[in-house]
Amino acid sequence: MTKKIKLKISARLLKKKLRRQPFGAKKRCRFKNNPELITQIDYKNVDFLRKFLTERGKILPARISGNSSRFQRMLAREIRKARTMALLPYTTIQG
Amino acid sequence: MRRYEILILAVPTITQDEIKKIESDVDSTIKKGGNIISFEKWGKYRLAYPVKKNSYGVYALVRFTLDAEHDAAILKDLDSLLAVKFEAIVMRHILSVLDPNGSLVYVRPQSLEEEPERKSDDELSKGKIEKILSKTDFKKNTPKRDTTREFAEGRQMQNEESEVVEKGK
């Protein structure tokens, strides 16, 4: 009977990530090397921004939408601006 | 020369005159140290959530450039204009800086109505309406109704009718 070796925390996390990988192939950022799409990130461009919200109105996390950190930040900033101007909802819970 | 834009959210019951007033005031404050590129009225929209108990709102987008010298003072003036002077009309506004070399093309959401249709309230017509309303002061002029008597009369009528029906049989 081999003793179960307790791995260090970092190694445990790595294993966890490896386990997650098979769910979806490595997602690529759609904004990288695509200047046309980058100009579409604008708080007035409501139809485009809606793609990055859940049905409840929450902003999708980068690990689901596949955005790189820089564009995720830009996107989130514009979504929050649109929310203050009532172009996008804060939440769409009913009742 | 920096490029800015302000998106203004106004009350849905705004009139053409009020919009023109906002436009002219904004114009005059910006002209002190810059130029207006465009003043676009988007029209009436359904809001994502009620703002000051209004489900609809009228948007307007102002784009302008300002010189580097006086821009802070002018922006402050604009802010106080929209927040204080037009407090009853303008619900929200947001200022953002634009890329000085970027294109001015943008996509805007689908509107319900284009231009706000309400015409300005005439001072004369306002006075007229008040006069009419004061004449027909409903509480004073209607005679007091004797409700008990009416009820009794109504009952009598009913009885008479039933008698008639019986007789008819």
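Heads up: the structure comes first, above all this text.
Owing to the predicted nature of the structure, the values given are computational and were not obtained by experimental measurement.

## A short note on the pattern of salt bridges
Residue and element names in this part refer to chain A. The full count for this structure, using the stated rule, is seven salt bridges over all chains. Residues Asp42 and Lys44 are paired through a salt bridge, measuring 3.1 Å at the closest nitrogen-oxygen approach. When its relative accessible area of 1% is taken as the criterion, Lys44 is described as buried.

## What to know about the sheet that holds strand E1 (residues 2-10) of chain B
Residues and elements named next belong to chain B. Pairing is antiparallel in the open sheet, where four strands are placed in the order E2-E3-E1-E4. Single-partner strands in this sheet number two, and they are strand E2 (34-51) and strand E4 (90-98). Taken over all neighbouring pairs, the strand axes of this sheet differ in orientation by 20° on average, direction set aside. On top of the sheet, helix H1 (residues 16-31) reaches E2, strand E3 (54-66) and E4; it is set at about 135° to E2, its chief contact.

## With respect to empty space enclosed by the protein
Residues and elements named next belong to chain B. Following the criterion strictly, the structure yields one cavity of 30 Å³ or more and no others. Its volume calculated, the largest cavity comes out at about 80 Å³. The wall of the largest cavity is formed by Ile8, Ala10, Ile14, Ile19, Ile22, Phe39, Lys41, Val58, Tyr59 and Ala60. Within the residue set of the lining of the largest cavity, elements represented by two or more residues are E1, H1, E2 and E3. Examining the composition of the lining of the largest cavity, we find that three residues originate from one element, E3, more than from any other. Taken together, the residues of the lining of the largest cavity break down into nine nonpolar, no polar and one charged.

## Details of the nonpolar core
Membership of the largest hydrophobic core comes to 31 residues, with the highest contact counts inside it found for Phe31(A), Leu7(B), Leu9(B) and Tyr59(B). The set of elements that each furnish at least two residues to this core consists of helix H3 (46-49) and helix H5 (69-84) of chain A together with E1, E2, E3 and E4 of chain B. In terms of residues, this core owes the most to one element, E2(B), which gives five residues. In contact with Tyr59(B), other than residues within four places in its own chain, are Met85(A), Ala86(A), Leu87(A), Leu7(B), Ile8(B), Leu9(B), Glu40(B), Lys41(B), Trp42(B), Gly43(B), Tyr45(B) and Leu47(B). Counting residues in hydrophobic clusters, the runner-up holds 23 residues, among them Val26(B), Ile30(B), Leu75(B) and Phe86(B).

Basis of the calculations
Residues numbered from 1 in each chain as written. Chains lettered and ligands numbered in written order. Predicted model: local features only at pLDDT ≥ 70, side-chain atom pairs only at ≥ 80, totals over all residues. Heavy atoms only, no water. Salt bridge = Lys/Arg side-chain N within 4 Å of Asp/Glu carboxyl O. Buried < 20%, exposed > 50% of the residue type's maximum accessible area, 1.4 Å probe, protein only. Pairing = 2+ DSSP bridges. Helix = DSSP H or I, 4+ residues; strand = E, 2+ residues; numbered from the N terminus. Axes fitted to C-alpha atoms, helices over the stretch in contact; angles between N-to-C directions. Contact = heavy atoms within 4.5 Å. 1 Å grid on protein atoms, 1.4 Å probe; cavity = no way out; pocket = protein on both sides within 12 Å on 5 of 7 lines; lining within 4 Å. Points joined across faces, edges and corners; volume = space filled by probe spheres on them. Nonpolar A, V, L, I, M, F, W, Y, C, P; charged D, E, K, R; others polar. Core = buried A, V, L, I, M, F, W, Y, C linked by side-chain atoms within 4.5 Å.

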